[in-house]
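# Coordinates in review
Each chain, written out:
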Amino acid sequence: MKPRIFSGMQPTGELHIGNYLGALRGWVEIQHDYEPIFCIVDLHAITVRQDPKQLRENCERVAALYLAAGIDPDRCAVFVQSQIPAHVELAWIFTCTVPFGWLNRMTQFKSKMQQAGSSRDSIGTGLFVYPALMAADILLYQARFVPVGDDQSQHIELTRNIAHRFNNLYGKTFRVPSTKLPTVGARIMGLDDPTKKMSKSSTGPNHAIRLLDPPGRVKKLIGRAVTDSQPGVNWGAPGPGVANLLTVFQAFSGWSDRRMESHFAGMRYGTLKGQVTEMVNSKLAPIQQRYGELVADRPQLREVLRASAERVAPIAQRTLRRAKRRTGLYSV
Ligand code: TYM
């Protein structure tokens, strides 16, 4: 039996190269060495307000992007979270298990509260208890590894703590999972502000390269990317904008550190940007082409989602039944 991996993405907005390099590309690379379960987490998406029609549509689009990037549906389960109610049931049990203080320390929640500014009183409680749902996603399937970008590390650390806590309180029920980060590209930064991570919720026009952006837009975005006032690539100490462009290139190309250094050290920024643009566009083109085909065949896409949910539901049920029994929830 190969070790199981679980990961997921929110079907909000369009996926960008941070999502791809931080997570999706790694899933494709390791799918044959593990038993993979990949989720589209619509229950997480509704922690902030969504347009209902758009949300439903986005679930299928994200599924198409997973497959277009190279996820093999014969090998991997690809399903939508809300299709399996066990996620919500276990999340409630965890909400009652996890101390308030643990959730209160989550930096993602804190930064979202800060973003909300004066309207923070109207923020849904789901945003606060969100990590309990994420823990449920992972622990339901007894996953060994969780391949994600760096921004999710804290949530997975919390997941491990929740598993330990539950196991200590009620007896060993959950496998304690480990985080799996990519070696290059775990944290892609915004092109307009390389001190902030690239994110779907940032609305600046020059912030993110989306996976479906046409080549002309990618060129424009990289052309406008923030660099610094040095004349060319200072390999030993590049500024954050240049470091980010180099990371994007290296993550897409798979070049070694040595090859990167001998190729880019001292290169002028105009040339650097041209080469990064070419690399990104050459890697996005085949994904975009496959995406177009996949998204046009909705019955096939829906069948993948349906069959996957049917396949993984019994795993989730088995874990949930055990957790309910351990907690003393009534059954006859
Ligand atoms: P989400 O939808 O924000 O992001 C999906 C994946 O993309 C990674 N990522 C990045 N990687 C590198 N650089 C970036 N700028 C960048 N931005 C995003 C994320 O780390 C993630 O791997 N809470 C999760 C979804 C989730 C989940 C789970 C993940 C729900 N349940 C269980 C793993 C296991 C989230 O909001 O990811």
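Look up a bit, the structure's there.
Described below are features of the structure shown in this document. (Residues numbered from 1 in each chain as written. Predicted model: local features only at pLDDT ≥ 70, side-chain atom pairs only at ≥ 80, totals over all residues. Heavy atoms only, no water.)

### Considerations on the overall build of the chain
Each helix and strand counted, the chain has 13 helices and 5 strands in total. The C-alpha radius of gyration computed for the chain amounts to 21 Å, which stays within 12% of the reference 20 Å derived for 332 residues, consistent with globular compactness. For the chain, the spread of C-alpha atoms along the three principal axes comes to 70 × 45 × 40 Å. The proportion of buried residues among the 332 residues of the chain is 48%. Restricting the contact set of the chain to residue pairs at least 6 apart, pairs at least 24 apart contribute 78%. For the chain, the accessible surface area stands at approximately 16100 Å², while carbon and sulfur atoms represent 51% of it. For the chain, the separation between the mean place of its 43 positive charges and that of its 27 negative charges on side chains is 5 Å. (Helix = DSSP H or I, 4+ residues; strand = E, 2+ residues; numbered from the N terminus. Rg over C-alpha atoms; globule rule 2.2 N^0.38 Å. Buried < 20%, exposed > 50% of the residue type's maximum accessible area, 1.4 Å probe, protein only. Contact = heavy atoms within 4.5 Å. Areas by Shrake-Rupley, 256 points an atom, 1.4 Å probe, with all protein chains shown as cover. Lys, Arg positive; Asp, Glu negative; His and termini not counted. Charge placed at Lys NZ, Arg CZ, Asp CG, Glu CD.)

### Observations concerning the site of the ligand
For the ligand, the set of nearby residues contains 27 residues, the closest of which are Q10, Y130, D137, D151 and I188. D137 is positioned with one of its side-chain polar atoms (N or O) 2.7 Å from a nitrogen atom of the ligand. I188 places a main-chain nitrogen or oxygen 2.8 Å from a nitrogen atom of the ligand. Coverage of the ligand by the protein amounts to 97% of the 710 Å² it exposes when considered alone. Those elements that place two or more of their residues in the shell around the ligand are β1 (4–9), α1 (17–30) and α7 (126–140). (Near = heavy atom within 4 Å. Polar contact = N/O pair within 3.5 Å; in protein donor to acceptor, adjacent residues only side chain to side chain.)

### Description of the side chain of Q152
Following the sequence through the fold, Q152 ends up in the loop between β4 (145–147) and α8 (153–170). We classify Q152 as buried; its relative accessible area is 14%. Residues within four places of Q152 in sequence aside, it is in contact with Q108 and M134.

### Digging into empty space enclosed by the protein
Under the defined criterion, the tally for this structure stands at 1 cavity of 30 Å³ or more. Here the largest cavity is characterised by a volume of approximately 70 Å³. Along its surface, the largest cavity is lined by M106, Q108, F109, K112, L127, Y130, P131 and H155. (1 Å grid on protein atoms, 1.4 Å probe; cavity = no way out; pocket = protein on both sides within 12 Å on 5 of 7 lines; lining within 4 Å. Points joined across faces, edges and corners; volume = space filled by probe spheres on them.)

### Side note on α1
When the terminal C-alpha atoms of α1 are compared, their 18 Å separation across 14 residues agrees well with the 20 Å that a helix rising 1.5 Å per residue should span. Maximum bend of α1: about 35°, positioned at A23. By the criterion of burial, α1 is predominantly enclosed, with 12 of the 14 residues buried. Turning to α1, its buried residues number three or more, namely I17, G18, N19, Y20, L21, G22, A23, L24, R25, W27, V28 and I30. (Expected span 1.5 Å × (residues − 1). Bend = angle between axes of the 7 residues up to and from the residue.)

### Description of the environment of R290
With respect to the helices, strands and loops of the structure, R290 is situated in helix α12 (residues 269–296). For R290 and L65, which are 225 residues apart along the polypeptide, the C-alpha to C-alpha distance reads 8.5 Å. With sequence-adjacent residues up to four places away left out, R290 is seen in contact with L67, A68, A69 and G70. Among the polar contacts made by the side chain of R290, one reaches the main-chain carbonyl oxygen of A68 at a distance of 2.7 Å.

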